[in-house]
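Observations on the model geometry
Now for the letters of each chain:
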Amino acid sequence: MKRLLAAVLVSTATVPAALAQTAPKPPVAATKPHEIKAPFGATRNDEYYWLRDDTRKNPEMLGYLAAENSYADTLLAPVKPFADKLYGETISHIKQDDSSVPYLRRGYYYYTRFETGADYPINARRKGSMDAPEEVLLDQPQMAKGQSFFAVGDNAVSPDGKLLAWQQDTVGRRQYVLKVKDIATGKVFADEIPNIEPQVAWAGDNRTIFYIEKDPVTLLGKRVKAHVLGTPVSADRTLYEESDDTFYMGLTTTSDDRYVCIQLHATVSDEYSCAAAANPVSFEVIAPRERDFLYSADHIGDRWIFRTNWQAPNYRLMAVGDGDVGRGRSAWSDIVPTSDSVFIEDFKPFDDFLAIEERADGNKRLRLLAPDGKDRLVAADEPAYTMALGTNEEPGSDWLRYTYGSLVTPTTTYEVNHKTGERRVLKVQPVPGYDASKYVTERVWATARDGTKIPVSLVHAKGFRKDGTAALFQYAYGSYGYSTDPAFQPMLPSLLDRGMVYAIAHIRGGQEMGRKWFDDGKVLNKKNSFTDFIDVTRFLVAQGYAAKGRVAAMGGSAGGLLMGGVANMAPNDYGVIVAQVPFVDVVTTMLDTSIPLTTGEFDEWGNPAEKRYYDYMLSYSPYDNVAVQAYPAMYVSTGLWDSQVQYYEPTKWVARLRARKTDTNPLIFRINMEAGHGGKSGRFERYRQAAEWEAFTLDRLKVAE
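Here's a quick rundown of the structure. Quick caveat: nothing in here was measured; it's all calculated off a predicted structure. (Residues numbered from 1 in each chain as written. Predicted model: local features only at pLDDT ≥ 70, side-chain atom pairs only at ≥ 80, totals over all residues. Heavy atoms only, no water.)

Looking at the pattern of salt bridges
- Tallied over the full model, the rule gives 57 salt bridges.
- With a closest N to O distance of 3.5 Å, Asp324 and Arg327 form a salt bridge.
- Through salt bridges with shared partners, a single ionic network connects Glu345, Glu357, Arg359, Lys364 and Asp485. (Salt bridge = Lys/Arg side-chain N within 4 Å of Asp/Glu carboxyl O.)

Overview of the nonpolar core
- Counting 118 residues, the largest nonpolar core has Tyr502, Phe533, Leu540, Tyr574, Trp605 and Trp653 as the members making the most contacts within it.
- Dropping the residues within four chain positions of it, Tyr574 is found in contact with Phe533, Ile534, Thr537, Gly549, Val551, Ala553, Val566 and Pro632.
- The next biggest cluster of nonpolar side chains, apart from the first, holds 17 residues, and it includes Ile212, Val224, Met249 and Ala275. (Core = buried A, V, L, I, M, F, W, Y, C linked by side-chain atoms within 4.5 Å. Buried < 20%, exposed > 50% of the residue type's maximum accessible area, 1.4 Å probe, protein only. Contact = heavy atoms within 4.5 Å.)

As for helix α12 (residues 685–700)
- Taking 1.5 Å per residue as the helical rise, α12 with its 16 residues ought to reach 22 Å, and the 23 Å between its terminal C-alpha atoms agrees with that figure.
- All of the buried residues along α12 are Tyr687, Ala690, Ala691, Trp693, Glu694, Ala695, Phe696, Thr697, Leu698, Asp699 and Arg700.
- Directly after α12, the chain includes Lys702, whose backbone phi takes a positive value near 60 degrees. (Helix = DSSP H or I, 4+ residues; strand = E, 2+ residues; numbered from the N terminus. Expected span 1.5 Å × (residues − 1).)

Section: unusual backbone geometry
- The backbone of Arg106 sits at a positive phi, close to 50 degrees, despite the residue not being glycine.
- Classification of Arg106 by relative accessible area gives partly exposed; the value is 40%.
- Despite not being glycine, Val581 has its phi angle at roughly 35 degrees, a positive value.
- Looking at the secondary structure, you find Val581 in the loop between β35 (576–580) and α8 (586–591).

Some points on the environment of Ala695
- Along the chain, Ala695 falls in helix α12.
- Distance in space between the C-alpha atoms of Ala695 and Ala83 is 5.0 Å, their sequence separation being 612 residues.
- Aside from chain neighbours lying at most four places away, what touches Ala695 is Val79, Phe82, Ala83 and Leu86.

Topic: the pairing of strand β8 (residues 163–169)
- Of all the seven residues making up β8, seven are buried; the element is thus mostly covered by neighbouring parts of the structure.
- Along β8, one buried face is formed by Leu163, Ala165, Gln167 and Asp169 and the opposite face, lined by Leu164, Trp166 and Gln168, is buried too.
- Strand direction decides the pairing type here: strand β7 (residues 151–157) and β8, joined by five bridges, are antiparallel. Residue pairing in the sheet places Ala156 in a bridge with Ala165 of β8.
- Where β8 meets strand β9 (residues 176–182), six bridges bridge the pair, whose relative direction is antiparallel. Each bridged residue has a counterpart across the sheet, and for Leu164 the counterpart in β9 is Lys181.
- In this structure, the hairpin formed by β8 and β9 is closed by a connection of six residues, where Gly172 is found at a positive phi of approximately 100 degrees. (Pairing = 2+ DSSP bridges.)

Comments concerning the sheet that holds strand β37 (residues 667–672)
- Taken in spatial order, the eight strands line up as β30-β31-β33-β32-β34-β35-β36-β37 in an open sheet, and their pairing is mixed. Whereas interior strands pair on both sides, the edge strands pair on one side only; in this sheet they are β30 (439–447) and β37. The sheet shows a mean angle of 15 degrees between the axes of neighbouring strands, taken without regard to direction.
- In this structure, strand β32 (residues 472–475) lies alongside strand β34 (residues 551–556), joined through four bridges in parallel fashion. Its bridge partner lying in β34, Gln474 is registered against Ala553. (Axes fitted to C-alpha atoms, helices over the stretch in contact; angles between N-to-C directions.)

Observations concerning the state of the cysteines
- A full pass over the atoms with the stated rule returns one disulfide.
- In this model Cys261 forms its disulfide with Cys274; the gap between the sulfur atoms is 2.1 Å. Residues Cys261 and Cys274 share a disulfide whose torsion about the S-S bond is about 110 degrees; that sign makes it right-handed. Of this pair, Cys261 sits in strand β15 (residues 259–266) while Cys274 sits in strand β16 (residues 269–276), and the two are 13 residues apart along the sequence. The burial state of Cys261 is the same as that of Cys274; both residues are buried. (Disulfide = S-S within 2.5 Å.)

Digging into the packing of helix α1 (residues 59–76) against helix α11 (residues 648–660)
- Two elements in contact, α1 and α11, have axes whose closest approach is 12 Å; the angle formed by their N-to-C orientations is 65 degrees. Between α1 and α11, the interaxial angle falls into the category roughly perpendicular. Viewed along their axes, α1 and α11 form a crossing whose handedness is left-handed. Across from Tyr64, Leu65, Glu68 and Tyr71 in α1, the residues of α11 making contact are Thr651, Val654, Ala655 and Arg658.
- When the residues that make up the contact of α1 with α11 are grouped by side-chain class, the tally is five nonpolar, one polar and two charged. (Parallel < 35°, antiparallel > 145°, perpendicular 65-115°, else oblique. Left-handed = near helix turned anticlockwise from the far one by under 90°. Nonpolar A, V, L, I, M, F, W, Y, C, P; charged D, E, K, R; others polar.)

Things to note about α11
- In a regular helix each residue adds 1.5 Å, so 13 residues correspond to 18 Å; α11 covers 18 Å between its end C-alpha atoms and thus fits that length.
- Counting buried positions along α11 yields eleven of 13 residues, so the element is predominantly enclosed.

So, the packing of helix α6 (residues 527–542) against helix α7 (residues 558–569)
- Close contact between α6 and α7 brings their axes to 9 Å; oriented N to C, the two are set at 65 degrees. Compared by their axis directions, α6 and α7 come out roughly perpendicular. When the axes of α6 and α7 are compared, the crossing they make is right-handed. Residue-level inspection shows Ser529, Phe530, Thr531, Phe533 and Ile534 of α6 in contact with α7, the latter providing Leu561, Leu562, Met563, Val566 and Met569.
- For the contact of α6 with α7, the residue count by class is eight nonpolar, two polar and no charged.

As structure tokens, then:
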């Protein structure tokens, strides 16, 4: 969701055999002095600032990006056959004509399905039974034809089941266009609304659609508007406008479909405003925003249920009856009190029970709470795993749908009965050619330099010997309180079958160990994320899971910031660093409030307009701390149309790295000229892109083809 000089010759003496050809010279970016000032008077010179072009039309800038892509093509040509092989192995583990588990909503079973070879799914439904005729809602393969990028955001069926509203993006900049169609006839209405968030909600009249209009510069959601089908967009009513750019905006409908709510979320504050879905004339605030007060709200039956950090750092669940909601928080009462060891992450209310998604010991698990207060933990069979609430659209059901998975176990969809505990499998994600019994997952705890125990999920082939000779692939994110759960990926067998170990470092900055875990990895504690990652690497090497120097590190977006920090702080610990769409120019970006995400993230990174934050951010910002030193081999990627981390951040970083690094290890910079933050669209294309950096990484670590 979030961010998320001179040429150096590449010596064939340090390039592995597959790359040992006559090495070309890397591109050299021109240097042009540019002074950047902070409000309190500090100045910095950014010699590559000129590479920023918000129009993306500057011929000199585009020429430099083209030269980098050409250089990457040349340098990677020797490993292309290996990349093709890895790509083939990966997609061999993907069932091409797969479909999702249907779910029931208002008398229809909804699902998606892929046809063999298709990059995009077909959204469909059947009335009353899966034996009924199929109604195609969105034929995405057909819709995507002729588009270099294609993505569908949210889609919502009108309350009477006759109309479909959806959003689509054909640029990759997350500026979606709203469209509406008649499901029975397939007719697409002339109504079309550009530059919106990928969320919509219907009013009870089946003619009014609520949407969020974005600011065209910052790309932040600014206004909730109501559009009546068949009327000019210029006549749309503004129902709410947010003046504080630190808040992100969303739309949701409560579990019982009685209310439409506007969600406002900042790092340290939340606010919900809701209106009756049947006739949403005005939105009323449920609990007013307040710094350091976070909550989410849902409605079922005759009460509101809240997940909140009010006097509860790891959150608690509270409720209030409809008649008392206006009395404020003083009327709220506990359903589940707070805990020092268990972090409540989410919940789903049903008529007769409550499902709770919580974290304990680094794992995400589920708990079912009956009206009489008795609870039941949903069983798990592995030391490192993840559970998650599934799609549950029938609040009257006795069954909770959820998913379970691990680094070994493909995603499995279950239903569990809250009364009896009976559990039944609805689907095991098919993985052709994969035998889970060949692999073992572990949970180990690495000791950080300040004594903190860091959970690590890892997987390797059965029979693996910890003799200190293997290659290791280590991944982490560690920002925004986003937890990285261990989940199976179709590329894993290719690594594990070649003797590698794959590890996820659950570093501070995420929320795997509770809210304090997040707080200890942000703002003036951000460096903990970097040192945690490094300390996990050193622990795994010391324990014999990998050989020193045969370690690859990877992260993307804000995890790319992590990679930049790690590269500067501990370059000798890694053989390869892969940084995808990396957020690496922290101070300059956070000083510029015209850039998407900036103002909404002062409580994540700090506001460099204040000297203490400026100084701390400057001390770790990857771009500002590129040193005259040796760096490991690196693969860096970006998208020209990225709206989350602008393309010029990694571009400037690579240019400065090329100018200052003293090694002769290859530095690859891959720019996708037609995509944004998530890379090219399509389910196979992302594996094609991944195969390139995988081949580069494995080749550098001397992992056999």
